[in-house]
Amino acid sequence: CISGRSFRFVVKASVQTASEGLQIKAIPTKPVEGQKTGTSGLRKKVKVFQQENYLANWIQALFNSLPLEDYKDGVLVLGGDGRYFNREAAQIIIKIAAGNGVGKILVGRDGLMSTPAVSAVIRKQKANGGFIMSASHNPGGPEYDWGIKFNYSSGQPAPESITDKIYGNTLSISEIKTADIPDVDLSSVGTVRYGNFTVEVVDPVSDYLELMEEVFDFQLIKDLISRADFRFSFDAMHAVTGAYAKPIFVDRLGASLDSISNGVPLEDFGHGHPDPNLTYAKDLVNIMYAKDAPDFGAASDGDGDRNMILGRGFFITPSDSVAIIAANAQAAIPYFKDGPKGLARSMPTSGALDRVASKLNLPFFEVPTGWKFFGNLMDAGRLSICGEESFGTGSDHIREKDGIWAVLAWLSIIAYQNKDKKVGEKLVSVADIAKEHWATYGRNFFSRYDYEECESSGANKMMEYLRDIISKTKQGEKYGNYTLDFADDFSYTDPVDGSVASKQGLRFVFTDGSRIIYRLSGTGSAGATIRIYIEQFEPDVAKHDVDAQTALKPLIDLALSISKLEEFTGREKPTVIT
Ligand code: G6P
Ligand code: ZN
């Protein structure tokens, strides 16, 4: 196992001398089971990754899976969210990359770079791809989670065809190629060379900030932020956006320093769970629901791709957020000045966005859960703005969802709607923007119930039970006051490459458009997490102010009774409600 800061291979190494002058060692190794990637990379407990050669095997399996021209003498980006084990992992990755003939690694200072920034840097620097060391919103520290993702040359997460290949190779791996070089000092910007291999430590913010300045009207946002009657609060949750918040919001856009909280990235996220939702972003929720709350609040997750948006005492669901951004993008965001090319959401995300697409007469797509499904549509020029209920929002400026982008999008919309407001005039608030949107499009009430870390067998049995029910359902059947339109196991055929993703979530769709969806999470690291998504459309403005939990109560009860969740899992209550 690993001890100390630097990783040592303890098996006998045969030494090869590469023509470039780099000493390459071929380390014998054996396959380790269970290295299949989930929704978003390989994610396990730190202790699992600390097993001898565990990470090294996966990285080598990845190189074994890529065509040579995808990395030989090429450039790869390396970044991470600052969590525990990133320091050791960065050195392992750098050495194996060198051992496999990569020409250059661009690594963020201190190993930091947010997921969206890695995507941006890959695109801007025309790199062949990049590694992201993160378990996203999962807690960090020696007892918690670690993870690794690989992104491709257009900045998008590696497609399933590649991740399947990597998994296959982890089952037969016999050798790791690693360069015999010292640990690289990542603490300051600079370049080191070993033969033909270069490591360049870069500022993790500058390329990303430059892109944000191209996308948004920074002056418009600055004018809003500098108003005495507008206050803003951003919670970096001690995660990677801590490295971005000050340079962007404070130094560039003029926010006060005290508008940033938990702004220093920490290896254990300050014992937090860096997931920006109403349960885990408690600090921000307390600030935004207090008496003297700021006008606008936002948070981002471990690796900076998720976001949560709040007004004063007002929560914007991610499903509403993407719809509101899409509806206002052309007016408020220069990048969309010619109008978005198309809109898309993941299947469980509410239908609020569908209504915007239909009103704006835009192409619209419904894809399975997972950001990777948006990439092909973007590359084909058919999709500009998309989002997921899981607190992901973004656009085709990169190929990942983007937390800071979402915050800047909201600031742009608020700024645009208030640009003519004189001091003393009441500003259009976040809540006003949402209510105005509902009045125009109707409101899609939405909630998600999570049952985390259930016993896998009970969760699987429940899904099987539901599949069985679905196979017997008929259109027109009554479920309480609801009439079934259809029920199925969602499957998606990519309109660009024809690939099919099946078993992507169990749906009960009713004739009034209400939906109940059941899915097992693909991002957990222990047991099974069951998610139930509940949605109901309400066109009547007079009913828009009802609390979502109240409005959805009958459907929630129905969802629990159809699935017999309590019987299968023993759970009386969800762990998280959003
Ligand atoms: C990651 C992906 C998202 C996806 C989410 C689903 O965050 O990047 O695109 O929506 O996982 O997580 P789940 O736990 O529901 O599989
Ligand atoms: Zn994330």
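Residues numbered from 1 in each chain as written. Chains lettered and ligands numbered in written order. Predicted model: local features only at pLDDT ≥ 70, side-chain atom pairs only at ≥ 80, totals over all residues.

- You'll find the protein entered in an unreviewed UniProt entry as phosphoglucomutase (alpha-D-glucose-1,6-bisphosphate-dependent), with Zingiber officinale given as the organism.
- Check the Cofactor (unreviewed entry) section of the UniProt entry for the protein; it says "Mg(2+)".
- Per UniProt, the comment on the protein under Sequence similarities (unreviewed entry) is "Belongs to the phosphohexose mutase family." (UniProt positions renumbered as here; feature names shortened; annotations may be inferred.)

Describing the site of ligand 1
And step 1. Neighbouring ligand 1 are 14 residues; Trp-371, Ser-390, Ser-521, Gly-522 and Thr-523 lie closest to it.
And step 2. Looking at the shell around ligand 1 residue by residue, the class counts come to 1 nonpolar, 11 polar and 2 charged. (Near = placed C-beta within 6 Å. Nonpolar A, V, L, I, M, F, W, Y, C, P; charged D, E, K, R; others polar.)

Details of the nonpolar core
What tends to happen in soluble globular proteins is that the nonpolar side chains get buried as a cluster.
And step 1. By size, the foremost hydrophobic cluster in this structure holds 143 residues, and its most contacted members are Ile-93 and Ala-326.
And step 2. Here this core spans two domains, since at least three of its residues come from each of domain 1 (14-204) and domain 2 (208-441).
And step 3. Ignoring anything within four residues of it in the chain, the contact list for Ala-326 reads Pro-340, Leu-343, Leu-353, Val-356 and Ile-385.
And step 4. Core analysis: the next-biggest nonpolar cluster, separate from the first, contains 28 residues, Tyr-449, Tyr-518, Ile-530 and Ala-559 among them. (Core = buried A, V, L, I, M, F, W, Y, C linked by C-beta atoms within 7 Å. Buried ≥ 20, exposed ≤ 12 C-beta atoms within 10 Å, placed from the backbone. Domains from an automatic or database assignment. Contact = placed C-beta atoms within 7 Å.)

Some details on the sheet that holds strand β19 (residues 392-395)
And step 1. Ordered by their spatial adjacency, 4 strands build an open sheet running β17-β16-β18-β19, and the pairing between neighbours is mixed. The open sheet is flanked by β17 (364-367) and β19, the only strands paired with a single partner. Here the average twist between neighbouring strands, direction ignored, is 15°.
And step 2. As judged from the 3 bridges shared by strand β16 (residues 343-346) and strand β18 (residues 385-388), these two strands associate in the parallel manner. When the bridges of β18 are listed, Leu-343 appears paired with Ile-385.
And step 3. Contacts from helix α11 (residues 352-359) reach β16, β17 and β18 within the one sheet, and its direction differs from that of β16 by about 165°.
And step 4. Its contacts with the sheet put helix α12 (residues 372-379) on β16, β17 and β18, and the angle it makes with β17 is roughly 150°. (Pairing = 2+ DSSP bridges. Helix = DSSP H or I, 4+ residues; strand = E, 2+ residues; numbered from the N terminus. Axes fitted to C-alpha atoms, helices over the stretch in contact; angles between N-to-C directions.)

So, the pairing of strand β20 (residues 443-454)
And step 1. Burial within β20 is extensive, with 9 of its 12 residues counted as buried.
And step 2. When β20 meets strand β27 (residues 528-538), the two strands line up antiparallel, connected through 10 bridges. Bridge pairing links Tyr-449 to Ile-532 in β27.
And step 3. Note that β20 and strand β28 (residues 576-577) share 2 bridges and pair antiparallel. Bridge assignment links Asp-450 to a residue of β28, and that residue is Val-576.

Re the domain arrangement of the protein
And step 1. If you check the domain split of the protein, you get domain 1 (14-204), domain 2 (208-441) and domain 3 (443-577).
And step 2. When each unit is reduced to the centre of its C-alpha atoms, the spacing between domain 1 and domain 3 is 37 Å.

Examining the sheet that holds strand β3 (residues 42-45)
And step 1. With respect to topology, 7 strands assemble into an open sheet ordered β3-β7-β6-β4-β5-β10-β9, the strand pairing being mixed. At either end of the open sheet lies a strand with only one pairing partner, and these are β3 and β9 (190-194). Averaged over all pairs of adjacent strands, the angle between their axes in this sheet comes to 15°, without regard to strand direction.
And step 2. Pairing geometry for strand β4 (residues 75-80) and strand β6 (residues 129-133), over 5 bridges, is parallel.

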